[in-house]
Structures are given as C-alpha cells and as structure tokens.
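Each chain is listed here by its residues.
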Amino acid sequence: MELYRAGGVRGVEIGSVMFGKRQPDGSEIAAPLELVRLAVPRRTYTQSHIDYVAEVIAEVARRKDRLRGYRIVDQAPWLRHFTARFEPL
C-alpha cells in the first residue's frame, strides 16, 4: 500500500495475504515467501518510468522503520486477496 501512497506505484502482494491460511482459532499460517509483484503499465515501460519506480521504492525503504503494518478485518473464504479489507495496526 505504501508504494501506491508514496508514488502511485501499483503492486500485488504474493505471500501471506494470497497464500496464507487463517486457522479456526483466528491465527494465521504464513506463506513460505513474502513477495511483491509490481504492475508497470506496458505503454509507459520506459527507462524514465522504471527509474521513477526505483526512486519510489528507495524512498519507502528509507522510512521502513516508521511504517506500520495492516491486518485483515474481512476476507472471503476463497481467494481472499481479491476482496480482503485491511486496517492499520
């Protein structure tokens, strides 16, 4: 979410939101990897756009210690990553 807030860079989480599993007691089983897939539009796939995306990532990384996470407050039983709702921790 922070990449989008900081610079409009879209991405999708490929990790515990997509592949994690909520247990009956409310706990989560995390996915083995936590990845992010960036969505770079093909028509703007220029070096200047890639440079901009890299600058946004670097800016977010510089303030990583001040960022807080999110928790899932609502999810579908299947394919939760499409419709899950989050709130800040």
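Note that the structure is predicted; figures quoted are calculated from it, not measured. (Residues numbered from 1 in each chain as written. Predicted model: local features only at pLDDT ≥ 70, side-chain atom pairs only at ≥ 80, totals over all residues. Heavy atoms only, no water.)

1. Details of the overall build of the protein
Step number 1: In terms of regular secondary structure, the protein is built from four helices and six strands.
Step number 2: Put simply, the protein runs from its N terminus to its C terminus through helices and strands in the order α-β-α-β-β-β-α-β-α-β.
Step number 3: Taken along the three principal axes of its C-alpha coordinates, the protein extends 50 × 30 × 20 Å.
Step number 4: Burial statistics for the protein: of 89 residues in total, 16% are counted as buried.
Step number 5: Counting only contacts in the protein whose residues sit at least 6 apart along the sequence, the fraction spanning at least 24 positions is 42%.
Step number 6: As displayed, the protein has an accessible area near 7,200 Å², and 57% of this comes from carbon and sulfur atoms.
Step number 7: Positive and negative side-chain charges in the protein, numbering 15 and 11 respectively, have mean positions lying 4 Å apart. (Helix = DSSP H or I, 4+ residues; strand = E, 2+ residues; numbered from the N terminus. Buried < 20%, exposed > 50% of the residue type's maximum accessible area, 1.4 Å probe, protein only. Contact = heavy atoms within 4.5 Å. Areas by Shrake-Rupley, 256 points an atom, 1.4 Å probe, with all protein chains shown as cover. Lys, Arg positive; Asp, Glu negative; His and termini not counted. Charge placed at Lys NZ, Arg CZ, Asp CG, Glu CD.)

2. Focus on the pattern of salt bridges
Step number 1: If you walk through the whole model with that rule in mind, you get six salt bridges.
Step number 2: With a shortest N-O distance of 2.8 Å, Glu59 and Arg63 are connected by a salt bridge. (Salt bridge = Lys/Arg side-chain N within 4 Å of Asp/Glu carboxyl O.)

3. Let's talk about the confidence of the model for the protein
Step number 1: With 99% of its residues at a pLDDT of at least 70, the protein reaches an overall mean of 88.
Step number 2: By mean pLDDT, the top-scoring element of the protein is helix α3 (residues 47-62) (93), and the lowest-scoring one is strand β2 (residues 21-22) (81). (pLDDT = per-residue confidence, 0-100.)

4. Notes on unusual backbone geometry
Step number 1: Backbone geometry places Leu79, a non-glycine residue, at a positive phi of 55 degrees.
Step number 2: By secondary structure assignment, the location of Leu79 is in the loop between β5 (70-74) and α4 (80-83).
Step number 3: Residue Leu79 is classed as exposed on the basis of its relative accessible area of 56%.

5. Here we look at the side chain of Arg63
Step number 1: Tracing the sequence through the fold places Arg63 in the loop between α3 and β5.
Step number 2: What Arg63 contacts, discounting residues up to four positions off in sequence, is Glu2 and Ala6.

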